[in-house]
Amino acid sequence: MKSCMPDYPTGVIEGFYGKPWTDTERFMLFDWLQTCGLNSYIYAPKDDLKHRAAWRELYSDSESKTIHSLIRASNKRGISFSYAIAPGLDMRFSADSDLDALRNKLAQVIKMGCRSFALLFDDIPARLAPNDRKRFGSQASAQAATANSLCEWLGRQAAGSTLFFCPTVYCGAMARPNVSHSEYLRELGDKLHPAIKVFWTGPDIISGEIPVDSIREFRSVLRRRPVIWDNLYANDYDMRRLHTGPYAGRPPSLKAETNGILLNPNCQFHANFVPVHSFASWLRAPARTNLQPAWNRAIRTWLAQFQIRQPHKISFKALRLFCDFLYLPTSPGPGATQYLHDLQMLLRTPPSHWAGRYERFQRTSRLILTLFDSLLHIQNRDLLHALYAHAWELKERVLLLQAWANWRKANPDTTEKFAPAEFSPALLRGSTCAELDRVIAEILAGSQ
Ligand code: GDL
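Please read these numbers as outputs of a predicted model, since none were measured by experiment. (Residues numbered from 1 in each chain as written. Predicted model: local features only at pLDDT ≥ 70, side-chain atom pairs only at ≥ 80, totals over all residues. Heavy atoms only, no water.)

### Focus: a positive patch on the surface
Okay, step 1: A cluster of like positive charges, contributed by Arg-300, Lys-317, Arg-320, Arg-363 and Arg-366, occupies part of the molecular surface.
Okay, step 2: Contributing elements (two or more residues each) for the positive patch: helix 11 (316-326) and helix 13 (355-375).
Okay, step 3: If you trace the backbone, Arg-300 turns up in helix 10 (residues 292-303).
Okay, step 4: Given the relative accessible area of 49%, Arg-300 is considered partly exposed. (Patch = residues over 30% accessible without salt bridge, like charges linked within 9 Å, V, L, I, M, F, W, Y side chains within 5 Å. Areas by Shrake-Rupley, 256 points an atom, 1.4 Å probe, with all protein chains shown as cover. Salt bridge = Lys/Arg side-chain N within 4 Å of Asp/Glu carboxyl O. Lys, Arg positive; Asp, Glu negative; His and termini not counted. Charge placed at Lys NZ, Arg CZ, Asp CG, Glu CD. Helix = DSSP H or I, 4+ residues; strand = E, 2+ residues; numbered from the N terminus. Buried < 20%, exposed > 50% of the residue type's maximum accessible area, 1.4 Å probe, protein only.)

### Considering the site of the ligand
Okay, step 1: Around the ligand, the surrounding shell holds 16 residues, and the nearest of these are Gly-15, Asp-122, Tyr-170, Asn-231 and Asp-236.
Okay, step 2: Interatomic distance of 2.9 Å between a side-chain N/O atom of Lys-46 and an oxygen atom of the ligand.
Okay, step 3: One of the side-chain N or O atoms of Asp-236 is found 2.5 Å from an oxygen atom in the ligand.
Okay, step 4: When its residues are assigned to classes, the shell around the ligand shows eight nonpolar, four polar and four charged. (Near = heavy atom within 4 Å. Polar contact = N/O pair within 3.5 Å; in protein donor to acceptor, adjacent residues only side chain to side chain. Nonpolar A, V, L, I, M, F, W, Y, C, P; charged D, E, K, R; others polar.)

### Considerations on the nonpolar core
Okay, step 1: Counting residues in hydrophobic clusters, the biggest one holds 121 residues, and the most contacted among them are Phe-81 and Tyr-83.
Okay, step 2: Of the domains in this structure, domain 1 (10-288) and domain 2 (316-427) are the two that each give at least three residues to this core.
Okay, step 3: Excluding residues within four positions of it along the chain, Tyr-83 makes contact with Tyr-43, Lys-50, His-51, Tyr-59, Lys-105, Leu-106, Val-109, Cys-114, Ser-116, Phe-117 and Ala-118.
Okay, step 4: Ile-13, Ala-84, Ala-118 and Tyr-170 belong to the second largest nonpolar core, which has 15 residues in total. (Core = buried A, V, L, I, M, F, W, Y, C linked by side-chain atoms within 4.5 Å. Domains from an automatic or database assignment. Contact = heavy atoms within 4.5 Å.)

### A word on the environment of Ser-69
Okay, step 1: One can find Ser-69 in helix 2 (residues 61-76).
Okay, step 2: A residue is classified by how much of its surface remains accessible, and Ser-69, at 22% relative accessible area, is partly exposed.
Okay, step 3: Considering only alpha carbons, one finds Ser-69 and Phe-27, 42 residues apart in sequence, at a separation of 9.5 Å.
Okay, step 4: At 2.8 Å, the side chain of Ser-69 forms a polar contact with the backbone oxygen of Thr-66.

### Considering the domain arrangement of the protein chain
Okay, step 1: Along its sequence, the protein chain is organised into domain 1 (10-288) and domain 2 (316-427).
Okay, step 2: A separation of 39 Å is found between the C-alpha centroids of domain 1 and domain 2.
Okay, step 3: At the interface, 17 residues of domain 1 touch 14 residues of domain 2.
Okay, step 4: Between domain 1 and domain 2 the total buried area reaches about 1,300 Å² when both faces are included, carbon and sulfur atoms providing 63% of it.
Okay, step 5: Inspection of the domain 1/domain 2 interface yields one salt bridge.
Okay, step 6: Glu-393 is the partner of Arg-240 in a salt bridge, and the nearest nitrogen-oxygen pair spans 2.3 Å.
Okay, step 7: Taken together, domain 1 and domain 2 are joined by seven residue pairs in polar contact (both at pLDDT 80 or more).
Okay, step 8: Residues that form the side of domain 1 that touches domain 2 fall into these classes: nine nonpolar, six polar and two charged. (Buried area = accessible area lost by both parts, 1.4 Å probe.)

### Digging into the state of the cysteines
Okay, step 1: Taken as a whole and assessed by the stated rule, the structure comprises zero disulfides.
Okay, step 2: The thiol of Cys-267 is not disulfide-bonded; the next cysteine sulfur, from Cys-433, is found 16 Å away.
Okay, step 3: Its relative accessible area of 11% is what places Cys-267 among the buried residues.
Okay, step 4: There is no disulfide at Cys-323, and the cysteine sulfur nearest it, in Cys-36, is 15 Å away. (Disulfide = S-S within 2.5 Å.)

### Remarks on the packing of helix 11 against helix 14 (residues 381-410)
Okay, step 1: Axis separation between helix 11 and helix 14 bottoms out at 11 Å; the angle between their running directions is 90°. Our classification of the angle between helix 11 and helix 14 gives roughly perpendicular. Where helix 11 approaches helix 14, its residues Phe-322, Phe-325 and Leu-326 are matched on the opposing element by Leu-387, His-390, Ala-391 and Leu-394. (Axes fitted to C-alpha atoms, helices over the stretch in contact; angles between N-to-C directions. Parallel < 35°, antiparallel > 145°, perpendicular 65-115°, else oblique.)

### Observations concerning the side chain of Ser-82
Okay, step 1: Among the secondary structure elements, Ser-82 is positioned in strand 3 (residues 80-85).
Okay, step 2: The exposure class of Ser-82 is buried, given its relative accessible area of 0%.
Okay, step 3: In this structure, Ser-82 is in contact with Met-5, Tyr-41, Ile-42, Tyr-43, Cys-114, Ser-116, Phe-117 and Phe-164, ignoring residues within four places of it in sequence.

The following block contains the structure:
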């Protein structure tokens, strides 16, 4: 039987920490993937207990029904569904009972019609229990033996099945001393069955760029092309972020050098419309260096989902500006960069020199504030709630900065401090974590 996995998987891996998506959201994702011409979804929500922390436990009848309906729905749309399991937190590699537990769990999902699987060993302690060390000698050897045995077993259970594997060292920055000389990666490359597909997040966990050279280095050690687990849009590591920028920092030749690319995106499902569509455009035309037109198109298409009660309205310009402020982990978008520059200029020069900058700063501020007011009236409340915290945070800062710019303009010669009555410093970034951030910044600046 032919493998059910597309030759080059592209799509989404739900592989983040935090609240898993709902099934309704996953159904909607399958529609997006199908519309965009993407072909794969991997089920790997870190906080589905039975995927990771309690991986040995079988799914209940009602849970099975749900997963079964997801598999059916994705297959119906031509999207390959892969089920991932992450046993690494407490798996005893030398215990036959644990290998049996893994098989039992996958057998349950095979019965639901799934033919593609992933074995994940990311974010686990890099040590082995004494018995496992005695039997396998190293973590790479223990993991490879488990993956190979599972791969063979899957082949017997379900012809054409596929197995992905996520190593414990899954990006360049984790490799010691580096990718070429990492004992762990070399041993995996030697021992892992060639049919097993290996995930890689690039030079870093969150890779702003994925150069082709870094992939070639991976390939020479792992003896296969990687499947990119792309955390470009992930935000579970810092929930103050939300990423809606264009798919960027990946050279056109990345496609030819890899065995697939899957996005592990924002936790807030609805914030992923632009990322998924922008990624799909990149895949269709990776050689196109100007990413903005496809990004603009994705935002324009997204705008249709912002159905809103009259007389409120959200313009393309306002939504694009908002996306610009959220953008990518490594940089704000052009509109946000311009706003920051304008602000710096207002801060460092007297109002008599402000000329058109003040007006431009005010125009952008007003666009953000109007967008926030309009967002409150969108009919799709799930969409609103995906964006709410970030829109609110931005709006609060814009209001304060506007108040400051107006005060400064009206009092160009004052020596007094800006002290608006309605602003409480303890409430603006006043959490304990914010305090800890300030201490960390001092430590990193070397001032201890
Ligand atoms: C990770 C985790 C992933 C998480 C991401 C972003 C991999 C292989 N594992 O390290 O679950 O969502 O970072 O925080 O990326």
